[in-house]
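The primary structure of each chain is shown beneath.
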Amino acid sequence: QVQLVESGGGLVQAGESLRLSCKASGKIYRINTGAWYRQAPGNGRELVARVTDLGTNYTDSVRGRFTISRDNGNYMLYLQMNNLKHEDTAVYYCTANIYHFSTGSVDYWGQGTQVTVSA
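All of the points below concern the structure found in this document. Quantities reported herein were computed from a predicted structural model and do not represent experimental measurements.

1. A short note on the overall build of the protein
From N to C terminus, the protein includes zero helices and 11 strands. In the protein, the order of α-helices and β-strands from amino to carboxyl end is β-β-β-β-β-β-β-β-β-β-β. Against the compact-globule benchmark of 14 Å for 119 residues, the protein has a radius of gyration of 14 Å, which places it among compact chains. For the protein, the spread of C-alpha atoms along the principal axes amounts to about 50 × 25 × 25 Å. Split into buried and exposed, the 119 residues of the protein put 41% on the buried side. Carbon together with sulfur atoms contributes 48% to the accessible area of the protein, which is approximately 6,300 Å² in total. Distance from the positive charge centre (11 side chains) to the negative charge centre (9 side chains) of the protein: 5 Å.

Next comes the structure, spelled out in structure tokens:
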């Protein structure tokens, strides 16, 4: 069994920065891809950023302000968020596609961490 645990959320003012972290633990052979999603009240879950072996991609609203990165050796995923805006307020979820010898590749989700940006 694999668990993803996010941390680093909080309340900040517009223009400030936050760094979200996501730690994967359990029986992990390889993390194929990692991503951050977010969900604001009344909205669906939105892909924010994704990292794969081929590179990274971002939704248009965060490109140039957010940076996704990973530390494969320590099973960590990060999201550096700079110049935060009020519209970035949401619950942020970490997700990873992880390969197991027994079951193949499986998607896992964290429990979410709240990011609130005051205007």
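2. Let's talk about the side chain of T95
Within the secondary structure layout, T95 lies in strand β9 (residues 90-100). One polar contact links the side chain of T95 to the main-chain carbonyl oxygen of Y108, over a distance of 2.9 Å. If near-sequence neighbours (up to four positions away) are discounted, T95 is found in contact with L4, T33, G34, A35, Y37, L77, Y108 and W109.

Conventions adopted
Residues numbered from 1 in each chain as written. Predicted model: local features only at pLDDT ≥ 70, side-chain atom pairs only at ≥ 80, totals over all residues. Heavy atoms only, no water. Helix = DSSP H or I, 4+ residues; strand = E, 2+ residues; numbered from the N terminus. Rg over C-alpha atoms; globule rule 2.2 N^0.38 Å. Buried < 20%, exposed > 50% of the residue type's maximum accessible area, 1.4 Å probe, protein only. Areas by Shrake-Rupley, 256 points an atom, 1.4 Å probe, with all protein chains shown as cover. Lys, Arg positive; Asp, Glu negative; His and termini not counted. Charge placed at Lys NZ, Arg CZ, Asp CG, Glu CD. Polar contact = N/O pair within 3.5 Å; in protein donor to acceptor, adjacent residues only side chain to side chain. Contact = heavy atoms within 4.5 Å.

Nothing here speaks to function; it is geometry throughout.
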